[in-house]
Amino acid sequence: MSAQVAVMAADTGINGVALAVLIVLFAIVTVAGFYASRFQRGDSLESLDEWGLGGRKFGTWVTWFLLGGDLYTAYTFVAVPAAMFATGAVAGFFAVPYTIVLYPIIFIFMARLWSVSHRHGYVTTADFVRGRYNSRALSLAVAVTGFVATMPYIALQLVGIQAVLEVAGLGGGDNIIAKDLPLFIAFALLAAYTYSSGLRAPAVIAFVKDILIYLVIIVAVIYLPGQVGGWDSIFGAAQDKMATVNPATDKPTGTFISVDSTHWAYATLALGSALALFMYPHSVTASLSSNSRNTIRRNAAILPAYSFVLGLLALLGWVAIAAGTTPVGLDGEPNAQLVIPQLFEDMFPAWFAGVAFAAVAIGALVPAAIMSIAAANTFSRNIYKEWLKPDATPAQEAKVSKLMSLVVKAFALVFVLTLDKQNAINFQLLGGIWILQTFPAVVFSLYTRWFHRYALLTGWAVAMVYGTVEAYQVINPVTGKHFGGSLGEIPGLGELGYIAMTAFVLNLVITVVLSAILNAAKVSNGQDETIPFDYVADADDPRVQKDLVDHEKHDAAYGDPDDISGNAGAR
């Protein structure tokens, strides 16, 4: 019987053993996702604090796994190595310095955001902006940006799952139903346990994901180089490929090491991505779920361990070049996004290839779950309650958020099915163009109210239009599709750079100039419900404890218990 199954699998192109291991591990995490609702459970999941933030009670290690699962995604396991394989260091390896630059930034500002959010019951960055400036319009701008920017990022996770399933022999091909059916099934399971367990589901699954990822990476880095002639051979093969002329562009295939003409692209991609990452709703959600501001800082200190793993993963794209890996989809077309799953299938025994497939697939499930929850929280709190039903109860907010988490995943599927998947890393970079424009309204406002709310809104709007138009005008030379990349000419320099940074500079110039004019004209900047103490408060502060007890009986969207702005610290 086993021989017959093996023959049938061979006939259909399915790796039977690897697929079986993948399905078993996938089933285990699915069951864990449903049972996660019992993990550190409060009285009820019928509130955003419990369903969407895990009760704000995760300690250092749970937060570390959750943030790791949240930040190191299919972008890390599929898109970055694929970019290294296809076009080299500038397109892929910028992710390593960007994650190194990132953590000092979040060490500085994220603890302040945690404190003020904990003090006032904020769930999203748009909540904070609403409370800081009493501006519904600016809050809506931040909320909509976060919601929209998350869509292509979730889509990237689904591309990662799809790549694993396709290499395993499922999906792909010309049959419209069969082509994406396995992805739809994975999507349905993800949607079901996210709806049931909220943020606790990815928090629990993240433990399994990280164990599998570290196992696979350690084995791959030790085992694979020896199979392809060592690192000297790997770097030589990569250098030769990048120097080869691409017939579609009549230019070298890629860049082995950044040269003078690519320095601006490499630097702006790294810096722009670093500034953007913790603006995403999912990054904020994972951070606000922790139980203290020091938990945030400890994680900023230890999370760089993942950056080391990211560097190793990126280099696997060059290992695949030396190994002669040919990533071809079931439709017969080359697809660089399949390169890491294909490398694992070619080089590992079938059972361990299944473990590796599961690591990549689960590594995409965890962030997809957190992202959909975060985007849903943003819609429920800052669009539904703020604009559609101001008298919504916490239970109604939670219900809307649960339903919206399903809609968010459906929107992400639209991105997967319509945008160019040959350059999946661009999904994340496209989201970065948008989400970076919320940085001034959020981060600067954690320290000062000098920036005027109307200036912040105007700078955001102009930068959003500019960034979107510029990104749309980038056409993939191979496929001819719009949104084919995230690099554009930097005005005044004539060099290619990350469009997000150009738009960000434009945003800043407009915001600073208008703020100076509006402040000089003494135009009202709204009422601030926060006070200086809010930004340094910690979980064990007795004034915070009193506020939280009062807030449990308070139905307002924002967390000032007695509705008198700015007096919370005086009690």
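Residues numbered from 1 in each chain as written. Predicted model: local features only at pLDDT ≥ 70, side-chain atom pairs only at ≥ 80, totals over all residues. Heavy atoms only, no water.

**Structural notes on the overall build of the protein chain**
Condition: Numbering of helices and strands starts at the N terminus; helices are DSSP runs of H or I of at least 4 residues and strands are runs of E of at least 2. The buried label goes to any residue with under 20% of its type's maximum accessible area, the exposed label to any with over 50%, and the partly exposed label to all in between, with areas taken from a 1.4 Å probe on protein chains only. Whether two residues are in contact is decided by their heavy atoms, any of which lying within 4.5 Å being enough. Residue exposure ignores everything except the shown protein chains as possible cover, and the areas themselves are Shrake-Rupley values with a 1.4 Å probe.
Assigned secondary structure in the protein chain consists of 24 helices and four strands. For the protein chain, buried positions account for 60% of its 571 residues. The long-range fraction of contacts in the protein chain, counting pairs at least 24 apart against all pairs at least 6 apart in sequence, stands at 81%. Total accessible area on the protein chain stands at roughly 21000 Å², and carbon and sulfur atoms take up 66% of it.

**Considering the layout of surface pockets**
Heads up, the rule is: Here a cavity is any set of points on a 1 Å grid over the protein atoms alone where a 1.4 Å probe fits but cannot get out, and a pocket is any open set with protein on both sides within 12 Å along at least 5 of 7 lines; a residue lines the site when it has an atom within 4 Å of a point. Grid points are joined across faces, edges and corners, and a volume is the space filled by probe spheres set on the points.
In this structure, the largest pocket spans a volume of roughly 1800 Å³. Around the largest pocket, the lining comprises 49 residues; the ones closest to its centre are Thr-87, Asn-246, Thr-253, Gly-254 and Pro-477. Contributing elements (two or more residues each) for the lining of the largest pocket: helix 5 (74–87), helix 6 (89–92), helix 12 (230–243), strand 2 (251–252), helix 13 (263–277) and helix 20 (425–435). Considering each element in turn, the lining of the largest pocket owes the most residues, six residues, to helix 5.

**Digging into the packing of aromatic side chains**
Geometry of an aromatic ring pair is reported as the spacing of the ring centres plus the angle between the planes. Definition in use: Any Phe, Tyr or Trp ring, taking Trp's six-membered ring, that has another such ring centre within 6.5 Å forms a pair; planes under 30 degrees apart are called stacked, those over 60 apart edge-to-face, and the others tilted.
As enumerated under the stated definition, the model contains 24 aromatic pairs in all. Centroid distance Trp-64 to Phe-65: 5.1 Å. Interplanar angle 75 degrees. Geometry classified as edge-to-face. Between Phe-439 and Phe-504 the ring centres are 5.7 Å apart and the planes differ by 90 degrees, which places this aromatic pair in the edge-to-face class. Of this pair, Phe-439 sits in helix 21 (residues 439–442) while Phe-504 is found in helix 23 (residues 499–520), placing the two residues 65 residues apart along the sequence.

**Quick word on the confidence of the model for the protein chain**
Note the cut-off: Every residue carries a pLDDT, the predictor's confidence in it, which falls somewhere between 0 and 100.
Within the protein chain, residue pLDDT values average 85, and 88% of them lie at 70 or more. No element of the protein chain has a lower mean pLDDT than helix 1 (residues 2–12), at 39, and none a higher one than helix 23, at 98. Throughout residues 1–12 the model reports pLDDT below 50, and contacts reaching past four residues in sequence, or to other chains, amount to two contacts. Throughout residues 554–571 the model reports pLDDT below 50, and contacts reaching past four residues in sequence, or to other chains, amount to 51 contacts.

**Side note on empty space enclosed by the protein**
For the record, the criterion: Residues are grouped as follows: nonpolar covers Ala, Val, Leu, Ile, Met, Phe, Trp, Tyr, Cys and Pro; charged covers Asp, Glu, Lys and Arg; every other residue, Gly included, is treated as polar.
Enumeration over the complete set of coordinates arrives at five cavities of 30 Å³ or more. Taken as a whole, the largest cavity spans an internal volume of roughly 100 Å³. Considering the residues around the largest cavity, the lining is formed by 15 residues, among which Thr-124, Thr-125, Met-279, Pro-281 and Thr-378 are closest to the centre. Taken together, the elements giving at least two residues each to the lining of the largest cavity come down to helix 8 (125–133), helix 9 (136–168), helix 14 (281–288) and helix 18 (350–388). Each residue belonging to the lining of the largest cavity can be placed in one class, and the counts come to nine nonpolar, six polar and no charged.

**Some details on the side chain of Thr-125**
With respect to the helices, strands and loops of the structure, Thr-125 is situated in helix 8. Of the residues examined, Thr-125 reaches a relative accessible area of 12% and is grouped as buried.

**Some thoughts on the nonpolar core**
In plain terms, the rule: Note on terminology: a nonpolar core comprises buried Ala, Val, Leu, Ile, Met, Phe, Trp, Tyr and Cys residues joined through side-chain atoms within 4.5 Å.
Among the nonpolar cores identified, the biggest contains 179 residues, and Tyr-75, Phe-109, Phe-278, Leu-316, Trp-318 and Phe-344 are the most heavily contacted of them. With 23 residues, the top contributor of residues to this core is helix 18. Once residues within four sequence positions are removed from consideration, Phe-344 is found in contact with Val-216, Ala-220, Leu-316, Ala-353, Ala-356, Phe-357 and Val-360.

**Describing the side chain of His-452**
Quick reminder of the rule: Polar contacts, as used here, are pairs of N or O atoms within 3.5 Å; protein pairs need one atom able to donate a hydrogen and one able to accept it. Residues neighboring in sequence count only if both atoms are side-chain atoms.
One can find His-452 in the loop between helix 21 and helix 22 (453–472). At 3.0 Å, the side chain of His-452 forms a polar contact with the backbone oxygen of Val-523.

**Some remarks on the packing of helix 20 against helix 22**
The criterion, for reference: All axes here are fitted lines through C-alpha atoms, helices being fitted over the stretch that makes contact, and every angle between N-to-C directions spans 0 to 180 degrees. In what follows, roughly perpendicular refers to angles from 65 to 115 degrees, roughly parallel to angles under 35, roughly antiparallel to angles over 145, and oblique to any angle outside these ranges.
Between helix 20 and helix 22, the shortest axis-to-axis distance is 9 Å and the interhelical angle comes to 160 degrees. Taken as axis vectors, helix 20 and helix 22 run roughly antiparallel relative to one another. Contact residues: helix 20 offers Leu-430, Ile-433 and Trp-434, while helix 22 offers Met-464, Gly-467, Thr-468 and Ala-471. A per-class count over the contact of helix 20 with helix 22 returns five nonpolar, two polar and no charged.

**Things to note about helix 13**
Selection rule: A helix is expected to span 1.5 Å multiplied by its residue count minus one.
Under the 1.5 Å per step criterion, the end-to-end length of helix 13 is 21 Å for 15 residues, consistent within 8% with the ideal 21 Å. All of the buried residues along helix 13 are Ala-265, Thr-268, Leu-269, Ala-270, Gly-272, Ser-273, Ala-274, Leu-275, Ala-276 and Leu-277.

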